[in-house]
Amino acid sequence: MGNTNQKIKFYSGENIPLELHKVRIVQKLHLVPIERRLEALYEAGFNTFRLSTKDVFLDMLTDSGTNAMSDHQLAAMMEADDAYAGSQSFDRYQKAVEEVLGKKYLLPVHQGRAAENVISNALVKKGSVVPMNYHFTTALAHITQYGGKIEELLYDEAYVINSKHPFKGNMNIEKLEDCIQRHGVSKIPYIRVEASTNLIGGQPFSIANLREVRAVADKYGIRLVLDASLLGENAWLVKQREPEFKDASMKDIIQLMTGMADLVYFSARKLSSARGGGICTNDVALFKELQPLIPLFEGFLTYGGMSVREVEAIAVGLYETLDETMICQSPQYIEYLVNALDRKGIPVVTPAGVLGCHVDAMRVCEHIPQTAYPAGALAAAFFLISGVRGMERGSVSNQRDEDGNETYADMELLRLAVPRRVFTLSQIKYVEDRMTWLYENRHLIGGLKFVDEPPVLRFFMGGLAPLTDWPEKLMSKFREDFGDSL
Ligand SMILES: Cc1ncc(COP(=O)(O)O)c(C=O)c1O
């Protein structure tokens, strides 16, 4: 496996990420004129989820299901064993889970949130409390769906946007102890830790912290559940940032992490592949408790709602997750973009995490109150002036409380996802260029309001509208500065 700690130096001294793969299949992109992008925004209710890719130039909405697949994954998909039950593709998936994640028992599910549904259905009851480093939207929605609540237990530094702390995803151990004592062990079905904590900017936890969480779980006899959707990247950052592991293999780091969890689940749309998911454990009793829910919600136990081709791709992708030349690609591009914007004084989450570059909308749009959704406004404005589709990760992505009141997010972020091995460096430089222009013209961005608000996971399909004609004014300024450029 390639060792990226042996850095590739340029004679020129330039510090840029070098791709250790080549492109063999390409997809044509379309950069439509700004006038069409404005129309598309209105059609999509100023919600980037609702844009059609025919209007999108660089799709940085998410890395979920959009990572490039390898030649080996595509080859394996052709050999898939199409069977309702007892498919050999599942055997290969199970073997990969055992060899890479170190877990013997595997339950296939169609994607990450399906795993969350199954786990919450089995373990969460009315009045349950699930302590976690931080929520992910779908994890929270499933826990609350079954009558539970969550408590987010990060250290204060996690909320500091511009920071040098290497492990902002660490769980606060004192708060964890306090949470358990306040609610009592019987109320806590499990502690959830999320690798490369998504909603605070793809920030990892350290092995030292996970060891402490495990010790607390052991002290009180509470299960530990690991959301491993972004496990490979968390492991890679452990190798870069936690001195004890600088010479460790990816496999050793990954198995140290999964070995501390009683139950591991993942979205294979992120971990290893572009579709699917799984739940795995070495605890046979727990496995048996969850097992009946798979045929009920997902499909038979050897496909879990996935096509066998997807199952094959996950298996190969799990082994590839151990290859540092593959897993480092997205974090290195993100680091490049984050550092380039940071050098220009554009507020971004630092240190660079995984998954994407996170722009701090609360500061870029200081003039927009949280009631007018600054991160949603920044996402819309950036699409308008660049054709680059990012994702709002702020109050629009939050859900209302039990009484129907708005809950404002701790951070208002525009996430520009960088899926693995998808974009080129000149495309990343285009993002840097257009974000620089937008930052200089940020006073032209205005707020948004909901005009159509779904009751659950509203950010996916909700419709918003601008509070004024700011999009038209922003477009005029673009034309003034860029002439007839796309
Ligand atoms: C940390 C984390 N957990 C769970 C999920 C849900 O996975 P899926 O989108 O496959 O349902 C995601 C998806 O982005 C995620 O980032």
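Predicted model, so just to flag it, every value in this text is computed and none were measured. (Residues numbered from 1 in each chain as written. Predicted model: local features only at pLDDT ≥ 70, side-chain atom pairs only at ≥ 80, totals over all residues.)

Asker: Can you walk me through the domain arrangement of the protein in this structure?
Answerer: Interface size is commonly expressed as the accessible area that is lost once the parts come together. As far as domains go, the protein holds domain 1 (34–63 + 326–482) and domain 2 (71–323). Of all the secondary-structure elements, those providing two or more residues to the side of domain 1 that touches domain 2 are helix H13 (324–327) and strand S8 (356–360). Counting residues per element, the side of domain 1 that touches domain 2 draws most heavily on S8, at 3 residues. Split by residue class, the side of domain 1 that touches domain 2 holds 13 nonpolar, 6 polar and 4 charged. (Domains from an automatic or database assignment. Helix = DSSP H or I, 4+ residues; strand = E, 2+ residues; numbered from the N terminus. Nonpolar A, V, L, I, M, F, W, Y, C, P; charged D, E, K, R; others polar.)

Asker: What is the right way to look at the site of the ligand in this model?
Answerer: Near the ligand lie 15 residues; those nearest to it are Gln111, Gly112, Arg113, Ser229 and Ser267. Its residues assigned to classes, the shell around the ligand shows 2 nonpolar, 8 polar and 5 charged. (Near = placed C-beta within 6 Å.)

Asker: Is there a simple way to think about the sheet that holds S8 in this case?
Answerer: Adjacent strands of a sheet pair through backbone hydrogen bonds, lying either parallel or antiparallel. Reading across from one edge, S8-S10-S9 is the order of the 3 strands in this open sheet, with antiparallel pairing throughout. Two strands bound the open sheet, and with one partner strand each, they are S8 and strand S9 (391–393). Recorded for the sheet is a direction-independent mean angle of 30 degrees between the axes of neighbouring strands. Of the pairings in the sheet, the one linking S8 to strand S10 (residues 413–417) comprises 5 bridges and is antiparallel in character. Bridge pairing in S10 links Gly356 to Ala417. (Pairing = 2+ DSSP bridges. Axes fitted to C-alpha atoms, helices over the stretch in contact; angles between N-to-C directions.)

Asker: Where do I start with helix H14 (residues 329–343) in this structure?
Answerer: Spacing of three or four residues puts side chains on the same side of an α-helix, whose turn is 3.6 residues. Between the first and last C-alpha of H14 there are 21 Å, a value that for 15 residues agrees with the 21 Å anticipated at 1.5 Å per step. Every buried residue of H14 is accounted for by Gln329, Ser330, Pro331, Tyr333, Ile334, Glu335, Tyr336, Leu337, Val338 and Leu341. Tucked into the core, H14 has its buried residues touching helix H8 (231–241), H13, S8 and helix H17 (425–440). Where H14 terminates, the next one or two residues include Gly345, which has phi positive at roughly 85 degrees. (Expected span 1.5 Å × (residues − 1). Buried ≥ 20, exposed ≤ 12 C-beta atoms within 10 Å, placed from the backbone. Contact = placed C-beta atoms within 7 Å.)

Asker: Even after reading the chapter, I still don't get the pairing of strand S7 (residues 277–281), so can you show me in this structure?
Answerer: Counting buried positions along S7 yields 5 of 5 residues, so the element is predominantly enclosed. Going residue by residue along S7, you find Gly277, Ile279 and Thr281 tucked away on one face and Gly278 and Cys280 tucked away on the opposite face as well. Pairing between strand S6 (residues 263–267) and S7: 5 bridges, direction antiparallel. Pairing of Tyr265 across the sheet is with Ile279, part of S7.

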